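Below, each chain spelled out in residue letters.
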Amino acid sequence: MKSTGKRAAVCLGWLLLAASVGVRGADTVVGKYNGAGGCAASSCHGSIQPKTVTRVPQNEYSIWAGQDKHARAYQVLSNSVSVRIGKILRLEHPPAETPRCLACHALAIPQEQRAQTFDISDGVSCESCHGPASGWLGQHTTKDWPHERSVKELGMLDMRDLVQRSERCLTCHLGTSKTFVDHELIAAGHPDLTFELNLFSAVEPKHWREPEGVAWRGVQIWAVGEAVQLRQGLDRLARRAHGNTWPEYSELDCFACHHALTKPDESWRLTTEGYFHDRTVGVPAWNASRYSVFRFALHELNADAEAQLSADVTKLTSLLGVLSGNRDEIASTAQRASTIAAQLAGQLNSKPYDAVYTVRVMRDIAANGEPISVQGQRAAEQAAMALDSLFVAYKQNVSVANERELRTAIDQLFQQLDNPSAYNAPRFAAQMQKVSALLPRA
């Protein structure tokens, strides 16, 4: 970690700048990235213990630096696994110097946008999510300075808005046209990308407080995160359908091919009725896990949108389930479904949540363990993460008599996923039945 003295000096400098230019910040330069050190003084966000005299705990930097894996994302590029990936891909430079890797493992912004205090080795740091601080770092410390002005006028990104928060996370946790993990990178040893906003936030761990007075916030975070993830995933599919590399195998179910081989009569894939459905035998299934569980969040929200989205997903599954599916049709269907998912994300962001809704979604997911499980390990993974998030949110608001027993049953879902290539759909479905029997009644 950098010296406390240096951090304090940086923070003090920006406080003095705020005083010199006034709260309007007319003379500041919006767009420069200062680096994490500008937030690190104990009087800013570097306190060891949370404070109660201000609206923020002021220990946000300390949590990030000490516990958050994002703070070590740059260092990961120099470990043995990353170096091996670089050799397999025949990279011209080491991963820690390769733009493709730095795009997500660090704040890889152009040199002209870096202030003198910026340090790329900070990894995925404060400004990766909150935006370039040069315009608002001083102002946002002044009394009564509204957060909204920093967002509207000075370049801060609004992480309080769950749609924008999800979009920011998914820039790397799913990818864009410039930051992406494809089959080539996965084949070289990079993990495939999975995401669930509420659960991932909890294990980050959170260095922020959610707004007070918002009941069932965890359910809202889960639902909005799933909607945005689906939208971004459909956008990615549409881009790739028109890309140079097609089919892009990372859009498909990895473990339809990469699974442990057994005798034919012992293979659940061959013995489970409906596994191939309308898909051409031998063609890997599309990874539709981002919809498999999210669809249960849509009941009573927007029946028409849900019906159209379901129809589009069914069509995509069919188009991607044959050799040489029509790329134009795939792209147009994915784009249409993405538009619906975006609409639903906004509706879920403004919807009130309660115990009845939460229990209903949990029960719907658990009751559909068999069809979810047959869709593959990735769909099962999304179901396990969803049940975990929703259960945690539920017990924060309602007393659960069998909490320990239900917690154990959900944990055992994750145990079914420990070895993805050995994933067994019937066993996962059986564990889902156990969870279902333990869930509260609506």
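Since this is a predicted model, take the numbers as computed values, not measurements.

**Describing the overall build of the protein chain**
Across its full length, the protein chain carries 20 helices and 0 strands. What you see for the protein chain is a C-alpha radius of gyration of 23 Å, in line with the 22 Å of a compact globule of 442 residues. With the C-alpha coordinates aligned to their principal axes, the bounding extent of the protein chain is approximately 75 × 55 × 40 Å. Summed over all atoms, the accessible surface of the protein chain reaches about 21,400 Å², with 54% contributed by carbon and sulfur. Across the protein chain, 46 positive and 46 negative side-chain charges occur, with their mean positions spaced 4 Å apart.

**Concerning the packing of helix α11 (residues 217-241) against helix α18 (residues 377-397)**
For the pair α11 and α18, interaxial distance at closest approach is 8 Å and the crossing angle is 155 degrees. Viewed along their axes, α11 and α18 adopt a mutual orientation that is roughly antiparallel. Residue-level inspection shows Gly218, Val219, Trp222, Glu226 and Gln229 of α11 in contact with α18, the latter providing Gln382, Ala386, Ser389, Leu390 and Ala393. Along the lines of polarity and charge, the residues of the contact of α11 with α18 split into 5 nonpolar, 4 polar and 1 charged.

**Structural notes on the packing of aromatic side chains**
Tallied over the entire structure, the rule returns 8 aromatic pairs. Both rings, one in Tyr275 and one in Phe276, keep their centres 5.0 Å apart while their planes meet at 70 degrees; by these two values the pair is edge-to-face. The exposure class assigned to Tyr275 is buried, which follows from its relative accessible area of 10%. Taking the centre distance of 6.1 Å and the plane angle of 55 degrees together, the rings of Tyr423 and Phe428 count as tilted. Using a relative accessible area of 2% as the deciding quantity, one classes Tyr423 as buried. Lying across the ring of Tyr353, Lys351 places its NZ or CZ 5.6 Å from the centre.

**Observations regarding the environment of Val400**
Considering the arrangement of structural elements, one finds Val400 in the loop between α18 and α19 (403-415). In this structure Val400 comes out as buried when scored by relative accessible area, which is 11%. Note: C-alpha distance between Val400 and Ile221 (179 residues apart in sequence) is 21 Å.

**A short note on helix α16 (residues 355-367)**
Taking 1.5 Å of rise per residue, the 13 residues of α16 would be expected to cover 18 Å, and the 18 Å separating its terminal C-alpha atoms lies within 8% of that figure. Among all positions of α16, only Tyr357, Thr358, Val359, Arg360, Val361, Met362, Arg363, Ile365 and Ala366 are buried. The backbone nitrogen of Val356 lies 3.3 Å from a side-chain oxygen of the residue at the head of α16, namely Asp354.

The rules behind each value
- Residues numbered from 1 in each chain as written.
- Predicted model: local features only at pLDDT ≥ 70, side-chain atom pairs only at ≥ 80, totals over all residues.
- Heavy atoms only, no water.
- Helix = DSSP H or I, 4+ residues; strand = E, 2+ residues; numbered from the N terminus.
- Rg over C-alpha atoms; globule rule 2.2 N^0.38 Å.
- Areas by Shrake-Rupley, 256 points an atom, 1.4 Å probe, with all protein chains shown as cover.
- Lys, Arg positive; Asp, Glu negative; His and termini not counted.
- Charge placed at Lys NZ, Arg CZ, Asp CG, Glu CD.
- Axes fitted to C-alpha atoms, helices over the stretch in contact; angles between N-to-C directions.
- Parallel < 35°, antiparallel > 145°, perpendicular 65-115°, else oblique.
- Contact = heavy atoms within 4.5 Å.
- Nonpolar A, V, L, I, M, F, W, Y, C, P; charged D, E, K, R; others polar.
- Phe/Tyr/Trp six-rings, centres within 6.5 Å; stacked < 30°, edge-to-face > 60°.
- Buried < 20%, exposed > 50% of the residue type's maximum accessible area, 1.4 Å probe, protein only.
- Lys NZ or Arg CZ within 6 Å of the ring centre and 35° of its normal.
- Expected span 1.5 Å × (residues − 1).
- Polar contact = N/O pair within 3.5 Å; in protein donor to acceptor, adjacent residues only side chain to side chain.

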